[in-house]
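# Examination of the molecular architecture
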Amino acid sequence: MDFWQRYRAIDARDTRFDGQFYTAVRTTGIYCRPSCPARTPKASNVTFYETSAAAHDAGYRACKRCLPEAVPGTPAWNLRQDIAGRAMRLISDGVVTRDGVDGLAARLGYSSRQLNRILSQELGAGPLSLARAGRAQTARTLLVSTSMKLADVAFAAGFSSVRQFNETMAEVFGMTPTALRTARHPKAPAGSTALTLNLPYREPFDPGVFTFLAVRAIPGIEAGTPVSYARTLRLPQGDARFRVDYDAGAPGRPLTLTIGAVDLRDLPALLSRVRRLFDLDADPVAIDSALAGEARLAAAVAGTPGIRMPGALDPAEMLVRAMAGQQITVAAARTALTRLAAVGRASQSPGEGLDRMFPTPAEIAGGGSAVLRGPQRRTAALLAAAAAMADGGLDFGYGDSPESLAAKLLPLPGVGPWTTGYLAMRILGAPDIFLANDAAVRNGIRVLGEGTAASTPDFREASPWRSYATMHLWRAAARPATGTPRRTAAHSDHGTRPAEEANR
């Protein structure tokens, strides 16, 4: 967007752009979200920033009226697969807090000096400033949503001291932590030990993502319904357990995150991963507008606005699930993964019927052969991948691009372009992946119709949102076309991969 497109957005107070850029006003020294209800400033006094960190570094403080930190994140970090987008995904996952700037740079294959230069040029702030803005946002969320002690909030948000926490909050928000809490804090239920937070998102929101996760849930590790999802999760500092609930009947249709157990040092990473799992930083209006222009998808988009693309809580787990579910139904894949879960250990923080952890690559490599069933070639491929992850020879994650992810995974037996494309969708949130050879995608096209004479086989008309087109096609494949017998197909944890790839 250019300057005037952004200025028209703030003049219209368009909530769709909240979190996608920030408006700084020179005469007040304040930066706002685009939908701020305050009077629209003169264009000559406005500067737009890509990130709140850039506005902080330029000397602006957050608006107390619109709270620009309390918005969904920008979808640009998934849309952009360049170094800036990859760095932002890792910063959101807490890499700078855990490993420092040098650790972030090493993961991305740059020196810390190069990385600082690139991010300052592209985003207006270096990695330390970007991480600092993330800590401030996490701290604000905890202050206004929980009864945690201020020292615990500081620790959980990643600050190294209470003094640093107090100084940063005053600098960013123009208020002390106590004042922020007094202004916004709802009382927690007496005796409550769980953390409960509201997850902001852009409307519309299709809750079908809950069903997608529920039918694939592994007993003891996950539990799901059409409006809730809960699971255990291994994070860098220890085991965690959480639940997300959607209430379409309540004002604002809230998504509520309840954290039953977590090491406070892992809280920012947990929040980031849950947001990725439910695709909460997506811009559904922009996505639906683009997809509706494709004749084959127009009716599906109108019937299901705000469809989400499920993410991945753990990249290594996602590869195992994809490989274990090859060429079998969703139910069969769930049965296979339930057997595989037996080699994992018990959760250190059990509760609500969730008492196991998804097995680590080392546990799968050591004990998977005793519980896995099915074609020997597929089992051998899965065990080989687990062994490669366990010994460090295979390392991939949120900081990859689709190209680097493919380069790391394609040498594995049993992994081909279909699998790498699917994992790019789930792990990286890559928005423009089209799985042309997927059997469920082909069935979905038949259900929705072949489109017009101008329609292309690869749905390029829907670019750069073809991953969301794939979600619509998978959903369409579950129902028959009018007057056509219902087709059955082998659905794995996703769709059905090509047979030639499964047999590599």
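Every chain's residues receive numbers from 1 upward, in the order its sequence appears when written. pLDDT decides what is reported in this predicted model: residues at 70 or higher carry local features, side-chain atom pairs at 80 or more are listed and counted, and totals for whole chains, interfaces and linings draw on all residues regardless. Water and hydrogen atoms were dropped before computing side-chain values, which therefore reflect all heavy atoms in the structure.

Note the following rule: UniProt positions are given in the numbering used here, feature names are shortened, and annotations may be inferred rather than shown by experiment.
Within an unreviewed UniProt entry, the label attached to the protein reads DNA-3-methyladenine glycosylase II, and the organism entered is Pseudarthrobacter oxydans. Listed under Catalytic activity (unreviewed entry) in UniProt, the entry text for the protein is "Hydrolysis of alkylated DNA, releasing 3-methyladenine, 3-methylguanine, 7-methylguanine and 7-methyladenine." Under the UniProt heading Cofactor (unreviewed entry), the entry covering the protein gives this text: "Zn(2+)".

## Focus: the overall build of the protein
Applicable threshold: Think of it this way: any DSSP run of H or I at least four residues long counts as a helix, any run of E at least two long counts as a strand, and we number them from the N terminus. Two residues form a contact once any of their heavy atoms are found within 4.5 Å.
Helix and strand counts for the protein stand at 23 helices and 11 strands. The C-alpha extent of the protein, read off along each of the three principal axes, is 65 × 55 × 50 Å. A fraction of 70% describes how many contacts in the protein between residues 6 or more apart in sequence connect residues 24 or more apart.

## Concerning helix H21 (residues 439–448)
Two residues of an α-helix separated by three or four positions point the same way, owing to the 3.6 residues in each turn. Heads up, the condition is: For every residue, the accessible area (1.4 Å probe, protein chains only) is compared with the maximum for its type, and the residue is labelled buried under 20%, exposed over 50%, or partly exposed between those bounds. Under the rule applied, a polar contact is a pair of N or O atoms within 3.5 Å (in protein, one hydrogen donor and one hydrogen acceptor; residues adjacent in sequence only if both atoms are side-chain atoms).
Burial runs high along H21: seven of the 10 residues are buried. Residues of H21 that are buried sit in contact with helix H22 (466–477). For H21, the side-chain oxygen to backbone nitrogen distance between the N-cap and Ala440 is 2.9 Å, and the N-cap itself is Asp438. With its phi angle positive at about 105 degrees, Gly449 sits one or two positions after the end of H21.

## Some remarks on empty space enclosed by the protein
Basically, it comes down to this: Buriedness for pockets is judged along seven lines, at least five of which must meet protein on both sides within 12 Å for an open set on the 1 Å grid over protein atoms alone, while cavities are sets there where a 1.4 Å probe fits but cannot get out, and lining residues have an atom within 4 Å of a point. Grid points are joined across faces, edges and corners, and a volume is the space filled by probe spheres set on the points.
Taken as a whole, this structure holds four cavities of 30 Å³ or more when the rule is applied. Around the largest cavity, the lining comprises 16 residues; the ones closest to its centre are Leu213, Glu222, Glu317, Arg321 and Arg426. Of all the secondary-structure elements, those providing two or more residues to the lining of the largest cavity are helix H11 (208–214), strand E7 (228–235) and helix H15 (315–324). Counting residues per element, the lining of the largest cavity draws most heavily on H15, which supplies three residues.

## Some thoughts on the pattern of salt bridges
When their charged atoms lie close together, side chains carrying opposite charge are able to pair. Selection rule: Within this document, salt bridges are pairs made up of a side-chain nitrogen of Lys or Arg and a carboxyl oxygen of Asp or Glu, the two lying within 4 Å of each other.
In total, this model carries 24 salt bridges according to the counting rule given. Between Arg475 and Asp206 there is a salt bridge, with its nearest N and O atoms 2.8 Å apart. Here Arg475, found in helix H22, pairs with Asp206, found in the loop between strand E5 (195–198) and H11; they are 269 residues apart in sequence, far enough to count as distant. Salt-bridge contacts for Arg321 lead to Glu317; the nearest nitrogen and oxygen are separated by 3.0 Å. Taken together, the residues Arg321 and Glu317, both in helix H15 and four residues apart, mark about one turn of the helix.

## Some remarks on the packing of H15 against helix H18 (residues 376–390)
Note the threshold: Orientation is described by lines fitted to C-alpha atoms, with helices fitted over the stretch in contact, and by angles between N-to-C directions that extend from 0 to 180 degrees. Any angle that is under 35 degrees is reported as roughly parallel, and any over 145 degrees as roughly antiparallel; angles of 65 to 115 degrees are reported as roughly perpendicular and all others as oblique. Charged means Asp, Glu, Lys or Arg here, nonpolar means Ala, Val, Leu, Ile, Met, Phe, Trp, Tyr, Cys or Pro, and polar covers whatever is left, Gly included.
Viewed as axis vectors pointing N to C, H15 and H18 meet at an angle of 170 degrees, and their least axial separation amounts to 10 Å. In terms of orientation, H15 and H18 fall into the roughly antiparallel class. Facing H15, whose interface residues are Ala316, Leu319, Val320, Met323 and Ala324, H18 presents Arg378, Ala381, Leu382, Ala385 and Met389. Of the residues that constitute the contact of H15 with H18, the class distribution is nine nonpolar, no polar and one charged.

## Some words on the sheet that holds strand E6 (residues 222–225)
Strand pairing in a sheet is mediated by backbone hydrogen bonds. Such pairs are either parallel or antiparallel. To keep it simple, the criterion reads: For two strands to be treated as a pair, DSSP must find at least two bridges joining them.
Strands sit in the order E5-E9-E8-E7-E6 across an open sheet of five strands; the sheet is antiparallel. Two strands bound the open sheet, and with one partner strand each, they are E5 and E6. Geometrically, the sheet is characterised by an average inter-axis angle of 20 degrees between neighbouring strands, direction not taken into account. One ladder, built from four bridges, connects E6 with E7; its direction is antiparallel. Residue pairing in the sheet places Thr225 in a bridge with Ser228 of E7. The strands touched by helix H12 (residues 267–277) within the sheet are E5, E7, strand E8 (238–246) and strand E9 (255–261), with E7 carrying the most contacts at an inclination of about 135 degrees.

## Here we look at the packing of aromatic side chains
Convention followed: Centres within 6.5 Å are what make two rings of Phe, Tyr or Trp a pair, Trp counting through its six-membered ring; a difference in plane orientation under 30 degrees is then read as stacked, over 60 as edge-to-face, and the rest as tilted.
Counting across every chain of the model gives 19 aromatic pairs. When the centroid spacing of 5.4 Å and the interplanar angle of 85 degrees are considered together, the rings of Phe21 and Phe48 count as edge-to-face. Highlighted residues: Phe21 in the loop between helix H1 (3–11) and strand E1 (22–25) and Phe48 in strand E3 (residues 46–49), separated in sequence by 27 residues. Residue classification places Phe21 among the buried residues on the basis of a relative accessible area of 1%. Here Phe48 falls in the buried class, since its relative accessible area comes to 14%. For the pair Tyr49 and Tyr60, a centre-to-centre distance of 6.1 Å together with 55 degrees between the ring planes defines the contact as tilted.

## A closer look at the environment of Arg13
Counting through the fold element by element, Arg13 comes out in the loop between H1 and E1. For Arg13 and Pro127, which are 114 residues apart along the polypeptide, the C-alpha to C-alpha distance reads 30 Å. Residues contacting Arg13, with those up to four places away along its chain left out, are Pro34, Ser35, Cys36, Pro37, Ala38, Arg39 and Thr40. Within the structure, the side chain of Arg13 is placed 2.7 Å from the backbone oxygen of Ala38, a separation counted as a polar contact.

## As for the layout of surface pockets
Once rolled over the atoms, a probe with the size of a water molecule shows which space is left empty. Empty space within the second largest pocket amounts to approximately 860 Å³. Taken together, 31 residues form the lining of the second largest pocket, with Arg107, Asp314, Pro315, Asp395 and Phe396 sitting closest to its centre. Looking at the lining of the second largest pocket, the elements that each hand over two or more residues are helix H4 (83–92), helix H5 (95–108), E7, H15 and helix H17 (361–367). Within the lining of the second largest pocket, the residues separate by chemical class into 15 nonpolar, four polar and 12 charged.

## A few points about the sheet that holds E1
Strand order in the open sheet formed by four strands is E3-E1-E2-E4, and the pairing between neighbours is mixed. The open sheet has two free edges, formed respectively by E3 and strand E4 (61–62), since each of these has just one partner strand. Bridge analysis of E1 against E3 gives four bridges, and the strand direction is antiparallel. Following the sheet pairing, Ala24 is matched in E3 by Thr47. Strands E1 and E3 of the sheet are contacted by H1, whose axis makes an angle of about 100 degrees with E3.

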